[in-house]
Amino acid sequence: MAPDRPVSRRSAKGFLWLWLLLAIIWFAANSSLAIEALATGAFIAGVLAWIFVRSFPAWSDIRLSPSRLLHFIRYTSVFAVEMVRANLSMLRYVYAPRIDINPGIVKIKTRLQTPVGRLALANSIALTPGSLVVDLEGDTLTVHWLDVQTADPEEAGRLIAGPFERDLEKTFG
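Residues numbered from 1 in each chain as written. Predicted model: local features only at pLDDT ≥ 70, side-chain atom pairs only at ≥ 80, totals over all residues. Heavy atoms only, no water.

Description of the pairing of strand β2 (residues 131-137)
Along any regular strand, the residues point their side chains to alternate faces of the sheet.
Step number 1: Here six bridges tie β2 to strand β3 (residues 140-145), and the two strands are oriented antiparallel to one another. Pairing of L132 across the sheet is with H144, part of β3.
Step number 2: Hairpin geometry of β2 and β3 is characterised by an intervening segment of two residues between the two adjacent antiparallel strands and by a positive phi of about 65° at G138. (Pairing = 2+ DSSP bridges. Helix = DSSP H or I, 4+ residues; strand = E, 2+ residues; numbered from the N terminus.)

A few points about the packing of aromatic side chains
Step number 1: As enumerated under the stated definition, the model contains four aromatic pairs in all.
Step number 2: Just above the ring of Y93 sits the side chain of R92; from NZ or CZ to the centre is 4.7 Å. (Phe/Tyr/Trp six-rings, centres within 6.5 Å; stacked < 30°, edge-to-face > 60°. Lys NZ or Arg CZ within 6 Å of the ring centre and 35° of its normal.)

Notes on the packing of helix α5 (residues 153-160) against helix α6 (residues 162-172)
Step number 1: At a minimum axis distance of 4 Å, the contact between α5 and α6 shows a crossing angle of 75°. Compared by their axis directions, α5 and α6 come out roughly perpendicular. Two secondary-structure elements touch here, α5 through G157, R158, L159 and I160 and α6 through G162, P163 and F164.
Step number 2: Taken together, the residues of the contact of α5 with α6 break down into four nonpolar, two polar and one charged. (Axes fitted to C-alpha atoms, helices over the stretch in contact; angles between N-to-C directions. Parallel < 35°, antiparallel > 145°, perpendicular 65-115°, else oblique. Contact = heavy atoms within 4.5 Å. Nonpolar A, V, L, I, M, F, W, Y, C, P; charged D, E, K, R; others polar.)

Description of the pairing of strand β1 (residues 104-109)
Step number 1: Only one face of β1 is covered, namely the one carrying G104, V106 and I108; the face carrying I105, K107 and K109 has none of its residues buried.
Step number 2: Across six bridges, β1 lies against β3 in antiparallel orientation. Looking at the pairing, G104 lines up with W145 of β3. (Buried < 20%, exposed > 50% of the residue type's maximum accessible area, 1.4 Å probe, protein only.)

Focus on the environment of L121
Step number 1: Its location among the elements puts L121 in helix α4 (residues 115-127).
Step number 2: Along the backbone, L121 and R74 are 47 residues apart, and their C-alpha atoms lie at a distance of 14 Å.
Step number 3: Apart from residues no more than four positions distant in its own chain, L121 is found in contact with T110, L112, L141, A161, F164, E165 and L168.

So this is what it looks like as structure tokens:
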């Protein structure tokens, strides 16, 4: 845990943004409008947001604006589409009579500047089947790719991280 530090206006905004995000995820996953479920989700989201903002200063840097919210919604829809594509691709491998893959490790660079943006990118890559981030150091991600299509780091970055980066950059920086 980080040492106690005064709550700044920036921390309060980071808390609000993170609380809102976690509450929306809770409400979507719970699929209930019962007052007990809403209150429980709001409380749990508040506790988690408070812990994250107090323990990890990077969460205090998150700023809320209509533009950032729009890009976050766009990122979420892009992520959903990429998740479906990756799952369909995995189905092709699973049901193919002969698996023709070329697994390998590639390094890609990201233009995302904030730790939260890089974390969101790494999680997005890891959650789509067929790729897994094995290391994140600075602006370089080391990715295990089930079917390596290119060894060129720029092209690999475009194929693996490209769909996510634009909206994550405008959301988190």
